[in-house]
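Here's the letter readout for the chains.
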Amino acid sequence: MGPLADRQLDVVVVGAGFSGMYLLHRLRQLGFSTQVYEAGSDVGGTWYWNRYPGARCDIESMDYSYSFDPELEQEWEWTERYSTQPEILAYANHVADRLDLRAEIQFDTRVTSAVFDEATARWSVSTDQGETVSAQFVVMAVGCLSTTKQPEVPGVDTFAGPTYHTGRWPHEGVDFTGQRVGVIGTGSSGIQSIPLIAEQAAHLTVFQRTPNFSMPAKNAPLDAAFVRQRKATYRQHREEAKHSPVGVLLDIPEELAVEADPAEREARFHEGWEAGFLFGVSRTYGDLLLDPAANELASEFVRGRIRDIVDDPAVAEALSPRNHPFGTKRPCLDTGYYATFNRENVTLIDLHASPIVEITPAGVQTSDREVELDVLVFATGFDAMTGPILGVDIVGRDGQPLREKWSAGPRTYLGLATAGFPNLFTVTGPGSPSVLSNMMVSIEQHVDWITDCLVALREQGASTIEATVAAEDGWVEHVNEVASMTLMPQANSWYMGANVPGKPRVFMPYVGGVGLYRELCATVAEKNYDGFETLASLARGLAHSACRPAAGATGPSGLRAT
Ligand SMILES: Cc1cc2nc3c(=O)[nH]c(=O)nc-3n(C[C@H](O)[C@H](O)[C@H](O)COP(=O)(O)OP(=O)(O)OC[C@H]3O[C@@H](n4cnc5c(N)ncnc54)[C@H](O)[C@@H]3O)c2cc1C
């Protein structure tokens, strides 16, 4: 191998979470020379970084796992319904070993820029280790939730004690014994970690800006008979999940909550609550995410459960979400979250009533008190979906930075590609179902689609593929239209970019469902990549200027065929 700067690759993959790992496996099988870069020191992505106490999946493990390798799914034994972070990370390591993936992954290496050279139709990819390589294709497998977000509070850096972000948890763990701990943030990571931190800490103060709806996970060891039965029917189960709305099997009744008999409705909501399932209550009726009146019935049901569990009515009320419809922010699954607020050593501070003024060396100063702390935990989440992609300085055709193109919000075709950036793909990018689904299903679908596309290009002797502006416009319009038919855009959620100051408010994931979305993507491929422009290697220069679509040149579907 020559100097690194001279390396010519077919594909650079950025990220070695579940997306990058499966991509590498497929690309290698298909004979593409590939280099994966990963900022972390090992595989696993989300499960490498998020080692906070209580971290576990909230899609059942037997669904939240790869389906591409039938032997793997037979051989691997999940021990709990919702596996812990260490077990999921062990699974990622097992897959990396089994498929011998690490040889083509360069760890501790962050990709800093990717610049498209129109003359050679190749990407020049640079890393923080001072390397630059040339690749025909770049696939951003950077994850939706890998760029952590710090709290926007003055004085964060002045705190005298240690601070930890749930998304960058120390590998050796943290011992909170005898400590006065503050947790800022009550999203999924806060809700999972707070009960366990409370068990250890001398005192825990939870600083809550927005209460979230959470339901009991009802986690338990997996029953051997259930596992045997699932493994016997795994293929069929996976196939059905792939074509379902969210990538797990669900029965969504068509009945409307607003028309149901109140006693029956209450009983069905209870069943949903007791199911210990992320979509337990939200999928009990067909209208909960569509009709505000129906949603309020479910919201009030959950608030009722909070009042049942929490002894102090004022604390129960502070924990009860009232500023967004149920299910329009990512719902959470917990183990003992609300009951934690009955503990003597736990205090809830409602930041709407008394906002944080500043973090001081001694603790947190709110508008009405100073809370002295030894340790601060930031469960403040992520700059979701666009953060990790725009963390790389990506420059496309005509020297256009992606950050500039997406300054008013992300614009993609199918969440897979963006016009003006040939041969660049995003796995679970904005505009695809991604975070609204079982991500494993969405990841596999994207990886299969992208790798099939590369094979098709190779067979056709095409050197570039690029989404047309018209196809992208049509898709963005469709994504917005479908979202606006639901209550989803009504919440100030990270789906909307609302948790990051200054970030454009655009509903980023595609609400149409993974089954429908899969069909749309398949149709695009079957129609020889409808809505994309592909250029043959030899005719590149000529074809480029001749084939670029006039703005607004749409076909009947709003997509431009090539
Ligand atoms: C706490 C938590 C719990 C979750 N639970 C579930 C669940 O139960 N079910 C579900 O469906 N989804 C869940 N998710 C979503 C989860 O992110 C996905 O399921 C999945 O793990 C994403 O895999 P990925 O490979 O696409 O991205 P990630 O796992 O995020 O991996 C991306 C990798 O890219 C690397 N990277 C990013 N930028 C660069 C760069 N510039 N250079 C080099 N490397 C880079 C990162 O270091 C990271 O390791 C959860 C997320 C979190 C944070």
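Nothing here was measured: the structure is a model prediction, and the numbers come from that model.

Right, let's get into the sheet that holds strand β8 (residues 180–184). Judged by pairing direction, the sheet is parallel, and its five strands sit side by side in the order β7-β16-β8-β9-β12 without closing on themselves. Strands with a single pairing partner mark the edges of an open sheet, and in this sheet they are β7 (163–165) and β12 (346–350). Sheet twist, expressed as the average angle between the axes of neighbouring strands with direction ignored, equals 20 degrees. The sheet contact formed by β8 and strand β16 (residues 375–378) spans four bridges and is parallel. Considered in β16, the bridge of Ile184 is made with Phe378. Its contacts with the sheet place helix α5 (residues 188–200) against β8, β9 (203–208), β12 and β16, and it is angled at close to 155 degrees to β9.

Turning our eyes to something else, we now look at the site of the ligand. In the vicinity of the ligand, 32 residues are found, and the nearest of them are Ser19, Glu38, Thr46, Asp58 and Tyr64. Between the ligand and Ala39 there is a distance of 3.1 Å, counted from a nitrogen atom to a backbone nitrogen or oxygen. One of the side-chain N or O atoms of Tyr64 is found 2.6 Å from an oxygen atom in the ligand. In the complex, the protein chains occlude 96% of the 980 Å² of accessible area that the ligand would expose alone. Elements represented by at least two residues in the shell around the ligand include exactly α1 (18–29), α2 (46–49) and α14 (439–460). Among the elements that take part in the shell around the ligand, α2 stands out by supplying three residues, more than any other.

Our focus in this paragraph is the side chain of Lys405. Within the secondary structure layout, Lys405 lies in helix α13 (residues 402–405). Setting aside residues no more than four positions away along its own chain, Lys405 makes contact with Gln400, Arg411, Thr418, Ala419, Phe421 and Glu472.

Moving on, we get to α14. Counted at 1.5 Å a residue, the expected span for α14 with its 22 residues is 32 Å, and the 31 Å between its end C-alpha atoms agrees. Judged by how many residues are buried, α14 sits mostly within the fold: 17 of 22 residues are covered. Gly461 lies just past α14 and shows a positive phi near 65 degrees.

The next subject is the nonpolar core. Judged by nonpolar contacts, the single largest core of 134 residues is most densely connected at Phe18, Trp449 and Phe532. Per-element accounting of this core gives the leading share, 11 residues, to α14.

By definition, the strands of a sheet pair up through backbone hydrogen bonds, in either a parallel or an antiparallel sense. Reading across from one edge, β13-β14-β15 is the order of the three strands in this open sheet, with antiparallel pairing throughout. Looking at strand neighbours, the two that pair on one side only are β13 (356–359) and β15 (370–372), the edges of this open sheet. Each adjacent strand pair in this sheet contributes to an overall mean axis angle of 20 degrees, direction not counted. Relative to strand β14 (residues 363–366), β13 is paired through three bridges, and the arrangement is antiparallel. Residue pairing across strands places Ile359 opposite Val364, the latter belonging to β14.

This brings us to the packing of helix α8 (residues 262–274) against helix α9 (residues 292–309). Remark: α8 packs on α9, axes separated minimally by 11 Å, with the N-to-C direction vectors making an angle of 65 degrees. The crossing of α8 and α9 is right-handed. Each of Arg265, Glu266, Phe269, His270 and Trp273 in α8 lies in contact with α9, whose residues at this interface are Leu297, Ala298, Phe301, Val302, Arg305 and Ile309.

It is worth spelling out empty space enclosed by the protein at this point. Scanning the model with the defined rule gives four cavities of 30 Å³ or more in all. In this structure, the largest cavity encloses a volume near 100 Å³. Lining the largest cavity are Pro410, Arg411, Thr412, Pro430, Gly431, Trp475, Val476, Val479, Asn480, Val506, Phe507 and Met508. For the lining of the largest cavity, the per-class residue count stands at eight nonpolar, three polar and one charged. Of the voids in this model, the second largest cavity is the one considered here, and its volume is about 80 Å³. Together, Asp63, Ser65, Ser67, Arg238, Ala241, Lys242, Gly247, Asn438, Met440, Val441, Glu444 and Arg518 line the second largest cavity. Grouping the amino acids of the lining of the second largest cavity by side-chain chemistry returns three nonpolar, four polar and five charged.

Two side chains of opposite charge can pair, provided their charged atoms sit close to one another. According to the stated counting rule, one finds 32 salt bridges in the structure shown. A salt bridge links Arg403 to Asp393, with the shortest nitrogen-to-oxygen separation between them at 3.6 Å. Of this pair, Arg403 sits in helix α13 while Asp393 sits in strand β17 (residues 393–395), and the two are 10 residues apart along the sequence. Judged by relative accessible area, Arg403 falls into the partly exposed class, the value being 40%. Accessibility expressed as a relative area gives 33% for Asp393, which makes it partly exposed. A salt bridge links Glu472 to Lys405, with the nearest nitrogen and oxygen atoms 2.7 Å apart. One end of the pair, Glu472, is in helix α15 (residues 469–484); the other, Lys405, is in helix α13, with 67 residues separating them in the sequence. Here Glu472 falls in the buried class, since its relative accessible area comes to 3%. Note on Lys405: relative accessible area 15%, which makes it buried.

What counts as what
- Residues numbered from 1 in each chain as written.
- Predicted model: local features only at pLDDT ≥ 70, side-chain atom pairs only at ≥ 80, totals over all residues.
- Heavy atoms only, no water.
- Pairing = 2+ DSSP bridges.
- Helix = DSSP H or I, 4+ residues; strand = E, 2+ residues; numbered from the N terminus.
- Axes fitted to C-alpha atoms, helices over the stretch in contact; angles between N-to-C directions.
- Contact = heavy atoms within 4.5 Å.
- Near = heavy atom within 4 Å.
- Polar contact = N/O pair within 3.5 Å; in protein donor to acceptor, adjacent residues only side chain to side chain.
- Areas by Shrake-Rupley, 256 points an atom, 1.4 Å probe, with all protein chains shown as cover.
- Expected span 1.5 Å × (residues − 1).
- Buried < 20%, exposed > 50% of the residue type's maximum accessible area, 1.4 Å probe, protein only.
- Core = buried A, V, L, I, M, F, W, Y, C linked by side-chain atoms within 4.5 Å.
- Left-handed = near helix turned anticlockwise from the far one by under 90°.
- 1 Å grid on protein atoms, 1.4 Å probe; cavity = no way out; pocket = protein on both sides within 12 Å on 5 of 7 lines; lining within 4 Å.
- Points joined across faces, edges and corners; volume = space filled by probe spheres on them.
- Nonpolar A, V, L, I, M, F, W, Y, C, P; charged D, E, K, R; others polar.
- Salt bridge = Lys/Arg side-chain N within 4 Å of Asp/Glu carboxyl O.

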